[in-house]
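# Structure at a glance
Here is how the chains run, residue by residue.
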Amino acid sequence: MAKAAARREVVNLYKTLLYMGRDYPQGYDFFRSRLKKAFQKNSNISDPQQIHTLVKRGQFVIKEIEALYMLKKYRTLKNRYTTEENLSKS
Amino acid sequence: MARVLVGVKRVIDYAVKIRVKPDKSGVVTDGVKHGLNPFDEIAIEEAVRMKEKKIASEVIAVSCGLQQAQESLRTALAMGVDRGIHVEVPQAQYDTLQPLHVSKILAKVAQDEKVDVIIVGKQAIDDDSNQTAQMTAALLQWPQATFASEVKVEGNEVVVKREIDGGLETIKVKLPAVISADLRLNEPRYATLPNIMKAKKKPIKKITPSDLGVDVSPRMQIVNVEDPPTRQAGSVVPDVDSLLAKLKEKGHI
């Protein structure tokens, strides 16, 4: 049942992204509505090959968001805990 | 193979704007997003990497605080820590819990669990004390390597690069030792949803400070908590001459 497998993959991707959206800088609601739209746009696709490509893209987006969060946290802390005289340090 | 203990603290999320309670007794924590202290995340990451490199045999996370501290422990477990210890401190005592109390608890837990390395964040982003690592080391009579930006374990010794004013200092300490993590030590991983789910199966032991024989009665009293002074509004000057006049008037040129 390739179709069921593909469905499970998509649902998992959606759940993971929703979970990550809770930390999104512009708010959870902003993220959720956009996420929903993005998934709905492709809801008519039934070709397993194409679904697979899209899921791969989704996983790429997950990595990007993780990197975004990390960088944002790092920069905020760096600004907060670096005094002007040792700014040159990093 | 070393056993590693990491200290974690649940704090108000780094991105949240802190508000002071109207009665000036503290800051508003109800309904505010909390998270793991970012420096503790770095400490956890370092410990988990030690485990992945087969330097550490077991990584234990310990947190002192309210019931909700378990959420932070859960995040730590999701990042790869093996088990958690929650030292429950009720709200009344948590308000006046100081680094000295926490150090005593960490030192006792470290002895009970026979750990070789303690890694903590250099400071928590809520009280910014930056004392826990130092005092824990002192209480245990262990060497300390604070503000670590690189940690290398070589047999029975650890070589640590420390962030100091204007540069880096490399020191070598014998195990057992206490290490405190600075911002550039590593890039902590994200606790993913599946890992959070899996972490629910990992054990968290719940104890109280009195089980450890540590007295957490207040040693201080919070008198007043106030907002930092707000920046004074600037003004627009019409031309260069008036700018120069203003600067002269303030004594800047």
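An unreviewed UniProt entry lists chain B under the name Electron transfer flavoprotein subunit beta, with Cinara cedri as the source organism. Regarding chain B, the relevant UniProt record gives this comment under Subcellular location (unreviewed entry): "Mitochondrion matrix". Under the UniProt heading Sequence similarities (unreviewed entry), the entry covering chain B gives this text: "Belongs to the ETF beta-subunit/FixA family."

Taking an unreviewed UniProt entry as the reference, chain A is identified by name as Complex 1 LYR protein belonging to Cinara cedri. Taken verbatim from the UniProt record of chain A, the Sequence similarities (unreviewed entry) comment is "Belongs to the complex I LYR family."

Looking now at the interface of chain B and chain A. A common measure of how large an interface is: the accessible area buried when the components associate. Between chain B and chain A, the contact holds 24 residues from the first and 20 residues from the second. Contact between chain B and chain A buries roughly 1,900 Å² in total, counting both sides, with carbon and sulfur atoms accounting for 60%. Sorting the residues of chain B by area buried against chain A places Y14, Y190 and L193 of chain B first, and these three jointly supply 38% of that buried surface. Scanning the region where chain B abuts chain A turns up two salt bridges. If you look at where chain B meets chain A, you find six residue pairs in polar contact (both at pLDDT 80 or more). For the side of chain B that touches chain A, the element with the highest residue contribution is helix 1 (residues 38-52) of chain B, accounting for three residues. Residues belonging to the side of chain B that touches chain A are distributed by class as follows: 13 nonpolar, four polar and seven charged.

It is worth spelling out the environment of E41 of chain B at this point. Along the chain, the position of E41 of chain B falls in helix 1. Each C-alpha atom, one on E41 of chain B and one on G121 of chain B, is 7.5 Å from the other, the two residues being 80 residues apart in sequence. Apart from the residues within four sequence positions on either side, E41 of chain B is in contact with K73 of chain A together with L36, M79 and P188 of chain B.

Bringing the packing of helix 3 (residues 48-81) of chain A against helix 1 of chain B into the picture now. Direction vectors running N to C along helix 3 of chain A and helix 1 of chain B enclose 120°, while the axes themselves pass 11 Å from each other. Relative to helix 1 of chain B, the element helix 3 of chain A lies oblique. Crossing geometry of helix 3 of chain A relative to helix 1 of chain B is assigned as left-handed. Along its contact with helix 3 of chain A, which presents K73, L77 and Y81 of chain A, the element helix 1 of chain B presents P38, F39 and E41 of chain B.

Each value, and the rule that gives it
- Residues numbered from 1 in each chain as written.
- Chains lettered and ligands numbered in written order.
- Predicted model: local features only at pLDDT ≥ 70, side-chain atom pairs only at ≥ 80, totals over all residues.
- Heavy atoms only, no water.
- UniProt positions renumbered as here; feature names shortened; annotations may be inferred.
- Contact = heavy atoms within 4.5 Å.
- Buried area = accessible area lost by both parts, 1.4 Å probe.
- Salt bridge = Lys/Arg side-chain N within 4 Å of Asp/Glu carboxyl O.
- Polar contact = N/O pair within 3.5 Å; in protein donor to acceptor, adjacent residues only side chain to side chain.
- Helix = DSSP H or I, 4+ residues; strand = E, 2+ residues; numbered from the N terminus.
- Nonpolar A, V, L, I, M, F, W, Y, C, P; charged D, E, K, R; others polar.
- Axes fitted to C-alpha atoms, helices over the stretch in contact; angles between N-to-C directions.
- Parallel < 35°, antiparallel > 145°, perpendicular 65-115°, else oblique.
- Left-handed = near helix turned anticlockwise from the far one by under 90°.

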